[in-house]
Amino acid sequence: MSRSTGSQADYPDVFIDPLIARPDDGGMRAYDRILKYCLVAVLFLSPIPLGSHRPVFWAFWALVLSLLLIWYCFMLHRTAARPRVGFDKIGLPSILFGLVLVFMAIQCMPIGSYLGSFVFSSQSGAILTSNTLSLTPGDTVLSVLRWSSYGFLFFLMLQVGARARRARWMTKALIIIVLIEAVYALVALTQFGDVLLFLPKEYYRGSATGTFVNRNSLATYLGLGAIVATSLLLRPSESGRKSRRRGNAINAIFDIRMEKIWTLLALAFLMIALIATQSRMGIMSSLAGIMTVLLLRLSQLTHSRFVVLAFPVLLVLILVIFGAGVADRFIDIMRSFDQRLSIYDQVAEMIRDRPLLGFGAGSFNHAFPLYHDLPVPTNFVYDRAHSTYLEHWVDMGLIFGSMPILSVLLLAWPFMKQTASKGRLRTEVIAALGATVTVALHSLFDFSLEIEAVVFLYLSILSIALGSHLAGGVSRNSGQVPRATKGTGQRRAQTHPVSSARPRLHFPSLPAAVYAIGDVHGRLDLLLALEERIIADAAPIDGEKWIILLGDFVDRGPQTAELIEHILAPAPEGFKRFAIAGNHEVMMQAFLEKEPGTSRWIGFGGDETLRSYGFSLSEVDKIAQGGSTADYLLSSQIPEGHVRFLRELPDALITPDYIFLHIGLNETHSIAQEVDLAASLSSDEREGSKQTMIVHGHRVVSEPVVRGNQINVDTGAYETGRLSAVRIVPGKPVAFLDSEGAKYETRLNN
């Protein structure tokens, strides 16, 4: 076995990685917790006052969320921190959202005083004039408030999703919030005499509406909750992953744990309440979302026929018991559909008359009477287009009305691309995809996504998934390399003043074969499985071979202590083993050596690491509190050899053609400014020859990926159960192996 031989005396100033130790991870931690609870309160309360579908609630939530955003930004400033995920990481969708808000603001400005009055004509020939682009500027102002609250909530929820633990906690909170609404809807329907907020209902008698006025809106709300519950229910647990490797996929999915039990019960209540709404499109679109979740999850598992058959059987039983009213509603669907098409014809005429400017955001209920005519019944007031897409185009024209739709597609696009890969998707990502399918379908024929409480719930699901994707999942910049400077004819990286306090291993050439392994995160079981495949793969190769762990082999998983012992043990015969420092190793070492401000390591997976050393939950709590008791516990159970091993880890292994490190380039810098930006791409010694390849982990990808001159092999082992490695043999295509037995080759573009 080979590793660093440096000592603390040789490197006195241990560098703490700012990707983990930056101020918002410490000083902001308490404020992040407050933010989490405040957002839960918003999501819990927003459905209660009629789904918040009244102007007074639009203004109220805009005020509440704006104050919450101001407070959060002030706390960021006070602690000299940055948001975990900024709008700059979202890119084009945030720009489109901003353009929509600007256009709404222009619509309600009295620019007609300078440009001439704007004319609105009715089918009967009546002429209306206005000084604003909006027919009813007051409604457009309210729309600005409503849309602003969506942006505020989305940004704040991104910060929640940026941490895996907080994202999972919030995912469970969403299920509970929707479950409470479902229970009230069923009780109000069956026990309280079919009431709305304890008052007699005027519409939708015999259908569950909960605290919503409209059963379709409740159906979408419940469907979104059922989608999240299904995603969580089918999430393989640690013991489930072991069962799957033994071929028992049913146990892998339905591992009997308390989380599985309460999630299954919650899903059953949500489905019963959904059927009780008797909303045809609400039920159909929700089932489409749930089936999307099932297909995405089951496509990544084997022997899943039981689940494929069991879910439809359960659904049929619920329909038979509770769905008589739904059956009657589906029988009547053709007559209702003909009437809906007549509405759409008249709405389409509105769009043709004002295709670019629209009638003003929020103005549909005042604009439609100008076109309302037979065969659409004239004894009813139609204040909605019954299609969110059409209503956007009526209100804001085809260009700006399409921007919200395009924004959602762009936000969901990274998730859609992941579905084409063979890697496993995060629970939050699967829920976001299923929710997007549901709202996209239901918005074709109804207006549920115009009810503020429903939008809040959907945006929360989407932003939690996106936050984990951008901060802890696949980075959209992952694998990109620095831009070349012009004029030199040579690719040159920007230099940085920070140099590492850790040793760097330099070798003049590669051995016969190198196997570089991504982030293990305490999963010794996966590392052992992968090393078996590496040994078998390397058997025909003569000469010295290396195994390189690319950092982050501690924390999160259950076997960190045993894993370090394995690394310290002799490597397999014919191999040398190297371990590179990742940000988790840096934080663990700093914590064990009592560096100030490092107690936050426990919340980054350090609690699982401490448990692997035999500490109980109560002892972990005592260690988190610090003091002499913590010092005694740590010194008594964590070997000094492990601390010394962490201290002496190198931050990179460098050869002329390859650099092995933990963090890829352009990842907001460090460890040691990404090993001084990969040693300035091997300094200037590579002039006139091919690029130096950067091999790294740190950012989870669904499968190992080669982008430009970077190779990323972190496939999220601690969560996905799949540990990957790249095999590099000089003169041959690189090959990827994983702990599940997959292997394939690819050629580098250099």
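Report follows, based on the coordinates. Only a predicted model underlies this, so the values are computations on that prediction, with no experimental measurement involved. (Residues numbered from 1 in each chain as written. Predicted model: local features only at pLDDT ≥ 70, side-chain atom pairs only at ≥ 80, totals over all residues. Heavy atoms only, no water.)

Bringing the overall build of the chain into the picture now. Scanning the chain from N- to C-terminus turns up 29 helices and 16 strands. Put simply, of all contacts in the chain between residues at least 6 apart along the chain, 74% involve residues at least 24 apart. Surface exposure of the chain reaches about 30,400 Å², of which carbon and sulfur atoms provide 61%. (Helix = DSSP H or I, 4+ residues; strand = E, 2+ residues; numbered from the N terminus. Contact = heavy atoms within 4.5 Å. Areas by Shrake-Rupley, 256 points an atom, 1.4 Å probe, with all protein chains shown as cover.)

All right, on to a nonpolar patch on the surface then. Together, F44, L45, I48, I176 and I180 make up an exposed nonpolar region whose accessible area comes to about 400 Å². Looking at the nonpolar patch, the elements with two or more residues in it are α3 (29-45) and α8 (164-190). Here F44 lies in helix α3. For F44, a relative accessible area of 35% puts it in the partly exposed group. (Patch = residues over 30% accessible without salt bridge, like charges linked within 9 Å, V, L, I, M, F, W, Y side chains within 5 Å. Salt bridge = Lys/Arg side-chain N within 4 Å of Asp/Glu carboxyl O. Buried < 20%, exposed > 50% of the residue type's maximum accessible area, 1.4 Å probe, protein only.)

Let us now look at helix α9 (residues 215-233). What sets the pattern is the α-helix's 3.6 residues per turn: residues three or four places apart point alike. For α9, built from 19 residues, the straight-helix expectation of 27 Å at 1.5 Å per residue is met to within 8% by its first-to-last C-alpha distance of 26 Å. A large share of α9 lies buried, amounting to 19 of its 19 residues. Structurally, the start of α9 carries an N-cap: the backbone nitrogen of N216 is 2.6 Å from a side-chain oxygen of N214. (Expected span 1.5 Å × (residues − 1). Polar contact = N/O pair within 3.5 Å; in protein donor to acceptor, adjacent residues only side chain to side chain.)

Following the criterion strictly, the structure yields 22 aromatic pairs and no others. Measuring from centroid to centroid gives 4.1 Å for F103 and F400, while their planes differ by 0 degrees, and the two rings are stacked. Residue F103 is located in helix α5 (residues 92-107), and its partner F400 is located in helix α18 (residues 388-419); the two are separated by 297 residues in the primary sequence. Its relative accessible area of 6% is what places F103 among the buried residues. (Phe/Tyr/Trp six-rings, centres within 6.5 Å; stacked < 30°, edge-to-face > 60°.)

Ranked by size, the top nonpolar core spans 94 residues in total, and within it L39 and I461 carry the most contacts. Other than its neighbours up to four places away in sequence, L39 contacts L65, L68, L153, L156, M157, V160 and M170. F615, I638, L646 and V729 belong to the second largest nonpolar core, which has 48 residues in total. (Core = buried A, V, L, I, M, F, W, Y, C linked by side-chain atoms within 4.5 Å.)

With that settled, the discussion passes to the pattern of salt bridges. Where charged atoms from two side chains of opposite charge come close, those side chains can pair. Per the stated rule, a full pass over the model turns up 14 salt bridges. Residue K201 pairs with D194 through a salt bridge whose shortest N-O separation is 2.6 Å. The class of K201 is buried, set by a relative accessible area of 9%. For E450, the salt bridge goes to R384, with nearest N and O atoms at 3.0 Å.

This part covers unusual backbone geometry. The general pattern is negative phi for most residues beyond glycine and trans for most peptide bonds. Despite not being glycine, L50 has its phi angle at roughly 60 degrees, a positive value. Position of L50 among the secondary structure elements: in the loop between α3 and α4 (55-78). If you check the backbone angles, F198 has positive phi at about 70 degrees while not being a glycine. Counting through the fold element by element, F198 comes out in the loop between β3 (195-196) and β4 (199-200).

When you tally the buried positions in strand β14 (residues 724-728), you get 5 out of 5 residues, the bulk of the element. Neither face of β14 is left uncovered, since the one carrying S724, V726 and I728 and the one carrying A725 and R727 both have all their residues buried. Bridge count for strand β6 (residues 513-517) against β14 is 4 bridges, and the pairing is antiparallel. By the bridge assignment, V514 is partnered in β14 with I728. Here 4 bridges tie β14 to strand β15 (residues 734-738), and the two strands are oriented antiparallel to one another. In the sheet register, S724 faces β15, and the bridge partner there is D738. Count of turn residues in the β14/β15 antiparallel hairpin: 5 residues, of which G731 carries a positive phi of about 85 degrees. (Pairing = 2+ DSSP bridges.)

Moving on: the environment of F198. Take F198: its relative accessible area is 59%, and that puts it in the exposed class. Remark: the alpha-carbon pair of F198 and T211, spanning 13 residues in sequence, is separated by 9.4 Å. With residues near it in sequence (within four places) discarded, F198 still touches Y184 and F192.

Turning to the sheet that holds strand β5 (residues 504-506), a few remarks are in order. Taking strand neighbours across the sheet as the criterion, the 6 strands line up as β5-β9-β10-β11-β13-β12 in an open arrangement whose pairing is mixed. Two strands close off the open sheet at either side, each with one partner strand: β5 and β12 (705-707). Strand-to-strand twist of the sheet, defined as the mean angle between neighbouring strand axes without regard to direction, takes the value 20 degrees. In the sheet, strand β10 (residues 658-663) pairs with strand β11 (residues 693-697) via 4 bridges, with the strands oriented parallel. Residue pairing for β11: I659 is matched across the bridge by I694. (Axes fitted to C-alpha atoms, helices over the stretch in contact; angles between N-to-C directions.)

What is shown is where atoms sit, not what they do.
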